[in-house]
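# Residue-level structural notes
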Amino acid sequence: MEIETNSVDGIAVATIIGDIDGSNAAAAQSQILTLAQTCTKLVLDMSRVSYMSSAGLRMLLASYRAIAGKGGTVLLAGLSEDLSDTMSLTGFLSFFKTSATVLEGVGLLK
Amino acid sequence: MNDSTAVSDLASLVRVDSYPTHEHEGIRLRHGTPLPFGATIVAGGVNFSVFSHNANYCQLVLFKKGAAKPFAEIPFRGLFTDPQTHEPLWGEFRIGDVFSMVVFDLDPESIEYGFRMTGPGNSATRGEPGIHRFDLTHVLMDPYTRAVSGRNVWGVAPNWQDVYPYRAGIVQNDFDWESDRPLEIPIEKLVIYEAHVRGMTKHASSNVRHAGTFAGLREKIPYLKSLGVNCIELLPIYEFDEMENDRLNPLTGERLYNYWGYSTVGFFAPKAGYAAVGRRGDGTMVADELKQLVKELHTAGIEVMLDVVFNHTAEGNEFGPTLSFRGIDNQTYYMLTPEGYYFNFSGTGNTLNCNNPIVRNMVVDCLRYWASEYHVDGFRFDLAAILGRDPSGAPLSNPPLLESLAFDPILGKVKLIAEAWDAGGLYQVGSFPAYGRWAEWNGKFRDSVRQFLKGEPGKVGEMALRVQGSPDLYASRGPTASINFITAHDGFTLHDMVSYNEKHNEANGENNNDGANDNESWNCGWEGPTDDTEINALRNRQMKNAFIMLLTSQGIPMMLMGDEVARTQNGNNNTYCHDNELNWMDWSLVEKNAELLSFASRMTKFRAAHPALRRRDFLTGRDTLGSGYPDISWHGPHAWHPDWSHDSRVLAWMLCGKHSKDDYVYVALNMHWDTHIFELPQLPDGKRWHVFANTGAAHPNDIYEVGTEPELPEQSHIFMGPRSTLIVVGR
């Protein structure tokens, strides 16, 4: 698992590459929470994540809580249908804005 | 720093106990904490804690998920230093009767765990009695495990050779409930809908994305809401093994299942096979899916009640498998004869020893867990009379378990409902030890109403008691102690109750010997399906009559899944073993039987609109307010003159509006096969009778929407057709 961060039109974008489970969720979380300290709008590019365990889902929700706590928004871009379904079944999806692509997501947050 | 402004960062300070002190074959350990029992994620690792009074040795067995063999086996012990001699000394990781150990560097998500134990006595062989059944060859499931894997997808055949078939897993309980809390709807306002998670949406007609699951049920919340129920009571959702039954349907050769689920494997674990995410093998996700269901039901104003089975476990009798309890502490967990045979008050092989202090605590811990972690609103206790037996099986006058539950702080507002009988012959309807908290499934309501409905003579007096909330049974407890039901999962559906005289259980594979024989049902003239329009019309009317009796009676009404659309089980009154259309809700009935559905929905709304029907205290039959009317008055074809005679099959009553700050409500039941003219009692000046429901009238004049009831043109009397019921409101 890797996380690449950049900025598109002034909005922070973090691209998660690889699956997230109990073995790496904590590492992913610390990177994203660090990023979350510097922004109030965050796009997470999920298009290269095929699976997330419950620890992965918690990592996402903690990021949301950190940013929502200061009035911000987290958007998940490019969720696979499978991942989107899992997040919906377990109640995680409703916390997030979603978009098909990063560009579309950046447009929604601007 | 000034004390008043200091912000403590103790929460982020590294805990001393996050460092290991011991090691076993490269795995770092520490003596754990005994409480809470079970596996708990702590700083740096997982704390495992398990009770056994009789074991003299315990070791933890760790598996990678699904692996055939464990990757580690760690005794609960380590080298300590003798305080006197300073010599190294082996000591157990145990305080009292509780083994506890923290194992570091585990990924809680990717492992399964169990225990092995030894203790006194020879390891009992299959079929032989034994006070103790310790056996180091068995890997034992933690009784407190919050997740069980092994049956992750419903009906998929497991590896029967697995050394550890039901595996304990670790759950992260940090679900984001937002503002959700248990609803705490006053019990007198409940309308309970008894449903089976899989049965609700498994049928192809359900049209949900994940059929037969918690998530599938979530998609039916709008239906429940429009039906007007505000509590769903789920048949067991604790982990059980639907595959434990290995018999076949003799008629079709289909496999038979433990479909209902009254055979618990793990009391703290939701059934993984009921979760759409179950196939992922992630116990936390299973928990999340169920919690999301509860959260959304709550948002819709619907409480969640769990049918819980604490009277026995899935381990069976001497011939049963050793899965958990009996390998951990047989003598503590089960009621045993002096020789070590299992008492069988449950009718299923063994009896959990609920009034042993350890087991009692486990039950309390379990219910607290479901109330606090899952926001469950209430519990219905299967064969609850067993919970009042002492360890030798004798009924207790003051059972400690029932008292503990009634006064427990965390359970302080949950609903406690007893099925107040057991398979050992203890029948406590009306006498169940209640402590002001417990309500009961009122089996007498079911029987009286069924008898009256089919027109049996000599039942008018009894019926009058039932519609008042059974003051004969609950005089000191009030009508809210009475859970009124005509049908439940156990027995005929409403449709079958008016379509069959006899049970038809051949498909169960027991030569039609199983299931109750005293069904008090009536087929209306033909056994089973018929094209006879008169019979079908009568059946339809009888079902409507039943809804009126159920929903105008004082007490708490409970209806069975699908009765509102005339679901059939083809006359089978004991469908515990069928995973097919016999048990699945057929959603095409919603359209086909829209008339009955509309009738039932309007009746629930009528009940919700009329506090006179939902009294907390018994009606007195006296005018306690000076309204000029008793709070309840009895009538017959002649107003103010009920016909209590043996041959009477008619009963009417009026609820005074002033006594309940409501309209006047008059209900008349004509279960005679002839038409009768009923005189209506005279209303106070200025008020007029309006007809809400008349099952003798053809649809759509059989029932109206609340508030749109037409005024009766003739205010002094009304014709009531054969076997029909009437509700009029005076305002």
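Predicted model, so just to flag it, every value in this text is computed and none were measured.

### What about the overall build of chain B?
Check the secondary structure of chain B and you find 14 helices and 30 strands. The C-alpha radius of gyration computed for chain B amounts to 28 Å, which stays within 12% of the reference 27 Å derived for 731 residues, consistent with globular compactness. The long-range share in chain B, meaning contacts at least 24 apart out of those at least 6 apart in sequence, stands at 71%. With an accessible surface of roughly 27,300 Å², chain B has 51% of that area assigned to carbon and sulfur atoms.

### As for the sheet that holds strand β26 (residues 664-670) of chain B
Residue and element names in this part refer to chain B. Strands sit in the order β24-β25-β26-β30-β28 across an open sheet of five strands; the sheet is antiparallel. Every interior strand has two partners, whereas the edge strands, β24 (632-635) and β28 (689-694), have only one. Neighbour-to-neighbour, the strand axes of this sheet turn through a mean angle of 20 degrees, independent of strand direction. Across four bridges, the pairing between β24 and strand β25 (residues 650-655) is antiparallel. Across the sheet, the residue bridging to W634 is W653, located in β25. The strands touched by helix α14 (residues 594-609) within the sheet are β26, β28 and β30 (724-730), with β28 carrying the most contacts at an inclination of about 140 degrees.

### Focus on the pattern of salt bridges
Residue and element names in this part refer to chain B. Per the stated rule, a full pass over the model turns up 40 salt bridges over all chains. In this structure, R28 and D105 form a salt bridge, with 3.0 Å as the shortest nitrogen-oxygen distance. With a gap of 77 residues between them, R28 in strand β2 (residues 27-31) and D105 in the loop between β10 (98-104) and β11 (111-118) connect regions that are remote in the sequence. The partly exposed category is assigned to R28, whose relative accessible area is 35%. D663 is paired through a salt bridge with R731; the nearest N and O atoms lie 3.2 Å apart. Of this pair, D663 sits in the loop between β25 and β26 while R731 sits in the segment after β30; the two residues are 68 residues apart in sequence, bridging distant segments of the chain.

### Observations concerning the pairing of strand β4 (residues 45-51) of chain B
Residues in a regular strand point their side chains to alternate faces of the sheet. Residues and elements named next belong to chain B. Within β4, seven of the seven residues are buried, leaving the element largely enclosed by the surrounding structure. Note that strand β3 (residues 38-42) and β4 share five bridges and pair antiparallel. Paired with G38 across the two strands is S49, which belongs to β4. With antiparallel pairing between neighbouring strands as the criterion, β3 and β4 make up a hairpin whose turn holds two residues, including G44 at a positive phi of roughly 85 degrees.

### A short note on the sheet that holds strand β1 (residues 2-8) of chain A
Residue and element names in this part refer to chain A. With mixed pairing, the five strands of this open sheet are ordered in space as β1-β2-β3-β4-β5. The open sheet terminates on both sides in strands that have one partner only, identified here as β1 and β5 (97-99). The sheet shows a mean angle of 25 degrees between the axes of neighbouring strands, taken without regard to direction. Two elements, strand β2 (residues 11-17) and strand β3 (residues 41-48), share five bridges in a ladder whose sense is parallel. What sits directly across from A14, in β3, is L44. In the packing of helix α1 (residues 25-36) onto the sheet, the strands contacted are β1, β2 and β3, and the crossing angle to β1 comes to about 15 degrees. Packing of helix α4 (residues 102-109) onto the sheet brings it into contact with β1, β2, β3, β4 (73-77) and β5, and relative to β3 it is tilted by some 165 degrees.

### Topic: helix α3 (residues 81-89) of chain A
Among the residues making up α3(A), those that are buried are A:L83, A:D85, A:T86, A:M87 and A:L89. Against β3, α2 (54-68) and β4 of chain A together with α2 (214-218) and α4 (283-299) of chain B lie the buried residues of α3(A). At the exit of α3(A) stands A:G91, carrying a positive phi of roughly 90 degrees.

### A short note on the interface of chain B and chain A
Counting residues at the interface gives 22 residues for chain B, matched by 22 residues for chain A. Taken together, chain B and chain A are joined by seven salt bridges. In this structure, B:D174 and A:R58 form a salt bridge, with 2.4 Å as the shortest nitrogen-oxygen distance. Where chain B packs against chain A, one counts 16 residue pairs in polar contact (both at pLDDT 80 or more). At the level of secondary structure, the elements contributing two or more residues to the side of chain B that touches chain A comprise α2 and α4 of chain B. Top element by residues in the side of chain B that touches chain A is α4(B). It accounts for six residues.

### A word on the pairing of β30(B)
Residue and element names in this part refer to chain B. Most of β30 is tucked away, with seven of its seven residues classed as buried. As paired strands, β26 and β30 are joined by seven bridges and run antiparallel to one another. The partner of A668 across the bridge, within β30, is L726.

### Describing the nonpolar core
Among soluble globular proteins, nonpolar side chains are generally buried collectively. Formed by 236 residues in total, the largest nonpolar core has its most connected members in B:F48, B:Y193, B:F310, B:W370, B:F379 and B:F381. Listed in part, the 19 residues of the second largest apolar core include B:F678, B:Y704, B:M720 and B:L726.

### Quick word on the confidence of the model for chain A
In low-pLDDT segments, the atomic positions of the prediction should not be examined closely. Residues of chain A with pLDDT of at least 70 account for 100%, and the chain-wide mean is 95. Summarising per-element confidence for chain A, the mean pLDDT is lowest in α1(A) (94) and highest in β5(A) (98).

### Section: helix α6 (residues 357-373) of chain B
All names here are of chain B. For α6, built from 17 residues, the straight-helix expectation of 24 Å at 1.5 Å per residue is met to within 8% by its first-to-last C-alpha distance of 23 Å. All buried positions along α6 are accounted for by V359, R360, M362, V363, V364, C366, L367, Y369, W370 and A371. Where α6 starts, the residue carrying a side-chain oxygen 2.7 Å from the main-chain nitrogen of I358 turns out to be N356. Phi turns positive one or two residues past the end of α6, at H375, with a value near 55 degrees.

### Topic: the environment of B:E373
Relative to the assigned elements, B:E373 resides in helix α6. Measuring from C-alpha to C-alpha, the distance between B:E373 and B:W177 comes to 9.6 Å, with 196 residues separating the pair along the chain.

### With respect to the environment of B:P722
All names here are of chain B. The residue P722 is located in the loop between β29 (717-720) and β30 in this model. Note on P722: relative accessible area 30%, which makes it partly exposed. Residues P722 and T695, 27 residues apart in the sequence, show an inter-C-alpha distance of 9.7 Å. With sequence-adjacent residues up to four places away left out, P722 is seen in contact with R541, N670, H672, W673, D674 and T675.

So, how was this worked out
Residues numbered from 1 in each chain as written. Chains lettered and ligands numbered in written order. Predicted model: local features only at pLDDT ≥ 70, side-chain atom pairs only at ≥ 80, totals over all residues. Heavy atoms only, no water. Helix = DSSP H or I, 4+ residues; strand = E, 2+ residues; numbered from the N terminus. Rg over C-alpha atoms; globule rule 2.2 N^0.38 Å. Contact = heavy atoms within 4.5 Å. Areas by Shrake-Rupley, 256 points an atom, 1.4 Å probe, with all protein chains shown as cover. Pairing = 2+ DSSP bridges. Axes fitted to C-alpha atoms, helices over the stretch in contact; angles between N-to-C directions. Salt bridge = Lys/Arg side-chain N within 4 Å of Asp/Glu carboxyl O. Buried < 20%, exposed > 50% of the residue type's maximum accessible area, 1.4 Å probe, protein only. Polar contact = N/O pair within 3.5 Å; in protein donor to acceptor, adjacent residues only side chain to side chain. Core = buried A, V, L, I, M, F, W, Y, C linked by side-chain atoms within 4.5 Å. pLDDT = per-residue confidence, 0-100. Expected span 1.5 Å × (residues − 1).

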